[in-house]
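Structure at a glance
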Amino acid sequence: MSFMKRTPRANFNGTPKSDEGLSISLANLRIGTYGFGSSSSNALSQTHAIHETGHNNSQPGPSALYPDSMWTSDYFPRDKYLGAGYYNNYQNNYLDENLESANSASNGGYTINLANQNNLVGYNAANVFQGGGGDIMSANSNLFNGALGGLRNQQSGVGIYQNFSTLGLGQGWDFLMLATSKDGSERLLQMLISKDQVIMNKFVYWVLESLFVLITDKHGYYFFSKLIESVNGYQLQQIVAKITSQPELLINASNKLYGSKSIQRLIKVLDKSPLMISAVISALSRGFDQLMTNQIGSLVIVKCLDVANTQQNKLLYDKALESFLHLAKDEIGCICLNMFITSSKGSGRSQILNVIATHSVYLSQDPSGNFVLQHVLGLDDPVFNEKICSILRGHYIRLSSQKGGSFVVEKCLNSNGMIYVIQDLLSYNRLCHLARNQYGNFVIQTALKATKRMLSPHHEALVATLKGDVATLKSGYGRIVYNLIENGGST
């Protein structure tokens, strides 16, 4: 396959030249491409036979773009050039306008070699001129698409770019490979310590280009965490703007282990930035159900509750009120909802507890929902415990014979709403039958212990009722209840 393209001949200052006595050929090649068109041979014959890499992790396959004499330049040491990046798997991603081109022309004893190299993260061109026994190197790098205010001109490969090139860091893809490896991320962190704004700007730009890949990687997460602690307010705002502009990618990243850790760290850093943390919360709220049915993703929501105030978290509380029943019925969602309740504060907490108490009859009989109700009762809030226990009045006998429901009844017996349970038990004329039940016997045991501990007159009433048919309790599940009665309420 050939990448040949015809262009008008030009001398150094761009003036068209006549065809007489000139032999110029143009070879356009893709980055990382190993095959060239036949008409590129004239240009390639003037180049060195071995491809210069510039850093250790580059492949030596492609032919050189520069003449051998270039390496004698005082302006441009061999190991510090704006060199060929390693674009693994990226060689076919760009159209002809993003190809490298090698142009060679001869006019008497004067030759010109141009090598234009495109950068994955911006436009990075190196123009190499050789003539009259001297070499000139002009490197124009358009950093961050204008984030630094235009073109940054660097002569002879010196300055901050040398710091990048010594790491083998010439392009954004190089940066991502370094940031997602153990040794590479550590080397990048060494550069981060200086807090040089040119370096920081470059890092931020590259992070924005591959943000969601970076934060979900084990080593990338570590670099990202340190970066957001080191950047200035404007740079942090850029990162937040990028994350919040793509809520779907944010939600997907938050459901992954290191993505969740990265977003949690970001939320912590934004503690003193109310506008930015509100923006992150707003984006997360769009995937509230998805996050709250994932044990990893839910940690991001909980971190918001821990760091931000009630007003900033209003969207999350509103979503919780809308989805609490769906979450409570979900096997994972019920666990995440319990964590949400634990971290909730202020009026938001009161609202979520109130709506759960209102639906306590339904939740107490649901295989997953009963865990949520148990959790709320375990918070020992006297107002809501009283409300739950009073709403469940008339349902305690049925709940006592259910696996999940029996746990709820025991929680009620150990709360300030115990009286509602005792009243239901004493009004049931088959209490010994319940004491022999697989689950009911635990309820009766708890009732006897709780009333004795509280010195309640209802303890004697329970014992008297059970003694009416005590012989039936000597075997099966009733044996422990029988022992409690015989031992005066203690095992």
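In what follows, the accompanying structure is described. Computed from a predicted structure; not experimentally measured.

Across its full length, the protein chain holds 26 helices and 6 strands. Relative to its 491 residues, the protein chain shows a buried fraction of 48%. Considering only contacts within the protein chain whose residues lie at least 6 apart along the sequence, 65% involve residues at least 24 apart. Counting every atom, the protein chain has about 23100 Å² of accessible surface; 51% of that belongs to carbon and sulfur.

Looking now at the packing of aromatic side chains. Per the counting criterion, the structure on display carries 7 aromatic pairs. Aromatic side chains phenylalanine 175 and phenylalanine 223 sit 5.6 Å apart centroid to centroid with 70° between the ring planes, which places their arrangement in the edge-to-face category. Of the two residues, phenylalanine 175 is situated in helix H3 (residues 172-179) and phenylalanine 223 in helix H7 (residues 218-230); the sequence distance between them amounts to 48 residues. Here the two residues phenylalanine 175 and phenylalanine 223 agree in accessibility, since each one is buried. Measuring from centroid to centroid gives 5.4 Å for phenylalanine 203 and phenylalanine 223, while their planes differ by 85°, and the two rings are edge-to-face.

An ideal rise of 1.5 Å per residue puts 21 Å on 15 residues; helix H14 (residues 314-328) measures up with 20 Å between its terminal C-alpha atoms. If you look at H14, its biggest bend is around 55°, right at glutamate 322. Within H14, burial applies to Leu316, Tyr317, Ala320, Ser323, Phe324, Leu327 and Ala328.

Reading the values: the criteria
Residues numbered from 1 in each chain as written. Predicted model: local features only at pLDDT ≥ 70, side-chain atom pairs only at ≥ 80, totals over all residues. Heavy atoms only, no water. Helix = DSSP H or I, 4+ residues; strand = E, 2+ residues; numbered from the N terminus. Buried < 20%, exposed > 50% of the residue type's maximum accessible area, 1.4 Å probe, protein only. Contact = heavy atoms within 4.5 Å. Areas by Shrake-Rupley, 256 points an atom, 1.4 Å probe, with all protein chains shown as cover. Phe/Tyr/Trp six-rings, centres within 6.5 Å; stacked < 30°, edge-to-face > 60°. Expected span 1.5 Å × (residues − 1). Bend = angle between axes of the 7 residues up to and from the residue.

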